[in-house]
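# Chains, contacts and geometry: an overview
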Amino acid sequence: MSKKEFLKNLKGALSTLPRSERKERISFYSEIIDDKIEEGIPEDAAIKEVGSVSEIAAKITTENKTATGEKAAKNRSLTTGEKVVMIVGAPLWIPLAIAALAVIFSLYLIAYAMLLSLWAVELPFLLISLISKVLFPACTAASKILTSFTTSSFKKLFARRKG
Amino acid sequence: MDIQLKRGLLDVCVLAAIRGEDSYGYKIIKDISPCMEMSESTLYTILKRLEIARFLTVKTTEHNGRLRKYYHITPAGIERIKEFEEDWREMLSIYNFVTRENGK
């Protein structure tokens, strides 16, 4: 068997593994076979030394199983005693859970209401500043025109009386 | 042998194999072989575990037109070996005590 064939078979045998792990394991074997060949071991002998594909696949699956088994043992599911407590205690903990959720929801509501009210307070100020920036110069201009108009008409009036 | 103990021994063996200088998969297996037989799949699992625990780092370099992964021990890895040595010294004194009692 050539190295290429071996790796192809191994890929097929490890199809249940996640893609990244499969790729990494295959490149690991590829590297070791290349190193063996580089040392002067013939290709087929080097592959035989690594072991048969089925052997390797079986070993990897059992190794992974023990690893996941240990993990599962750590975050094990509830024991029967705990399940009984859960069911018997349901009338107590379900309303409590609902109350807790309601409290959290109301806190959210308060936060949003505060934001909204702050915005509402801010709005008139914004409007006022906008109005003063635009309308105030217009008003002063208008009053200037008006005063100049009235003074000129008064002057005319006095001039007529004198005359 | 206890699985936990054996795992610890394997981990320290691999760390010891890369302590002197960075090494790669095939060389690690060869260096360890006088002390114990280690299959490629076992070595892969140990290297992965040591990498996750940050006892070693992996660097891929080119070698003869192909890629080779080199494993480099971290200060934490060296610390792990030291810990092992201390533990073993303690174990040895216990062993000595136990065997002496048996002799009487």
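Calculation notes
- Residues numbered from 1 in each chain as written.
- Chains lettered and ligands numbered in written order.
- Predicted model: local features only at pLDDT ≥ 70, side-chain atom pairs only at ≥ 80, totals over all residues.
- Heavy atoms only, no water.
- Salt bridge = Lys/Arg side-chain N within 4 Å of Asp/Glu carboxyl O.
- Helix = DSSP H or I, 4+ residues; strand = E, 2+ residues; numbered from the N terminus.
- Buried < 20%, exposed > 50% of the residue type's maximum accessible area, 1.4 Å probe, protein only.
- Contact = heavy atoms within 4.5 Å.
- Buried area = accessible area lost by both parts, 1.4 Å probe.
- Polar contact = N/O pair within 3.5 Å; in protein donor to acceptor, adjacent residues only side chain to side chain.
- Nonpolar A, V, L, I, M, F, W, Y, C, P; charged D, E, K, R; others polar.
- Pairing = 2+ DSSP bridges.
- pLDDT = per-residue confidence, 0-100.
- Phe/Tyr/Trp six-rings, centres within 6.5 Å; stacked < 30°, edge-to-face > 60°.
- Lys NZ or Arg CZ within 6 Å of the ring centre and 35° of its normal.

Turning our attention to the pattern of salt bridges. One pass over the full model with this rule turns up 14 salt bridges over all chains. One salt bridge in this structure joins Glu39(A) and Lys30(B), with 2.3 Å as the shortest N-O distance. On the criterion of chain membership, the pair formed by Glu39(A) in the loop between α2 (19-38) and α3 (43-50) and Lys30(B) in helix α2 (residues 25-32) is interchain, its members lying in two chains. Look at Glu39(A) and you get partly exposed, because its relative accessible area is 42%. Notably, a salt bridge pairs Arg19(B) with Glu85(B), separated by 3.9 Å at the nearest N-O pair. Of this pair, Arg19(B) sits in the loop between α1 (3-17) and β1 (23-24) while Glu85(B) sits in helix α4 (residues 75-103), placing them 66 residues apart in sequence. Using a relative accessible area of 34% as the deciding quantity, one classes Glu85(B) as partly exposed. If you follow the salt bridges from partner to partner, you end up with Glu24(A), Lys48(B), Glu51(B) and Lys69(B) in one network.

With 22 residues of chain B at the interface, the matching set in chain A holds 18 residues. Around 1,800 Å² of area is buried between chain B and chain A when both sides are counted, 44% of it from carbon and sulfur atoms. The largest share of the area that chain B buries against chain A comes from Tyr26(B), Glu40(B) and Tyr44(B), three residues that together contribute 41% of it. Run the count over chain B and chain A and you get six salt bridges. Residue Asp35(A) pairs with Arg68(B) through a salt bridge whose shortest N-O separation is 2.5 Å. For the interface between chain B and chain A, the tally reads eleven residue pairs in polar contact (both at pLDDT 80 or more). Looking at the side of chain B that touches chain A, the elements with two or more residues in it are α2, α3 (40-52) and β3 (66-73) of chain B. Broken down by element, the residue count for the side of chain B that touches chain A peaks at eight residues, all from α3(B). Split by residue class, the side of chain B that touches chain A holds eight nonpolar, seven polar and seven charged.

As a further point, take the sheet that holds strand β2 (residues 56-63) of chain B. Residues and elements named next belong to chain B. The sheet built from three strands is open, its strands ordered β1-β3-β2 with antiparallel pairing. Either end of the sheet is taken by a strand with one partner, and the two such strands are β1 and β2. Bridging between β1 and β3 involves two bridges; their strand directions are antiparallel. Counted as the bridge partner of Ser23 is Tyr71 from β3.

Here we come to the confidence of the model for chain A. Per-residue pLDDT for chain A has a mean of 86; in total, 92% of the residues score no lower than 70. Mean pLDDT across the elements of chain A bottoms out in helix α4 (residues 53-74) of chain A (76) and peaks in α2(A) (92).

With that settled, the discussion passes to the environment of Glu79(B). Relative to the assigned elements, Glu79(B) resides in helix α4. For Glu79(B) and Phe55(B), which are 24 residues apart along the polypeptide, the C-alpha to C-alpha distance reads 8.8 Å.

Moving on, we come to the pairing of β3(B). All names here are of chain B. Pairing of β2 with β3, which is carried by eight bridges, proceeds in the antiparallel orientation. The residue bridging Glu62 from the neighbouring strand is Leu67, located in β3. As consecutive antiparallel partners, β2 and β3 are separated by two residues, and within that stretch Asn64 has a phi angle of approximately 50°, a positive value.

Moving on: the packing of aromatic side chains. For the coordinates displayed, the defined rule picks out four aromatic pairs over all chains. Here the aromatic rings of Phe28(A) and Tyr44(B) are separated by 5.4 Å at their centres, their planes lie at 75°, and the arrangement is edge-to-face. Of this pair, Phe28(A) sits in helix α2 while Tyr44(B) sits in helix α3, on two different chains. No difference in accessibility class separates Phe28(A) from Tyr44(B), as the two residues are buried. Put simply, the rings of Phe28(A), Tyr29(A) and Tyr44(B) pair up and form one aromatic cluster. Against the face of Tyr24(B) rests Arg68(B), its NZ or CZ located 3.6 Å from the ring centre.

Per-residue confidence for chain B gives a mean pLDDT of 90; residues scoring 70 or more make up 95%. Overall fold confidence for the complex sits at a pTM of 0.60, while the interface term, ipTM, reaches 0.85.

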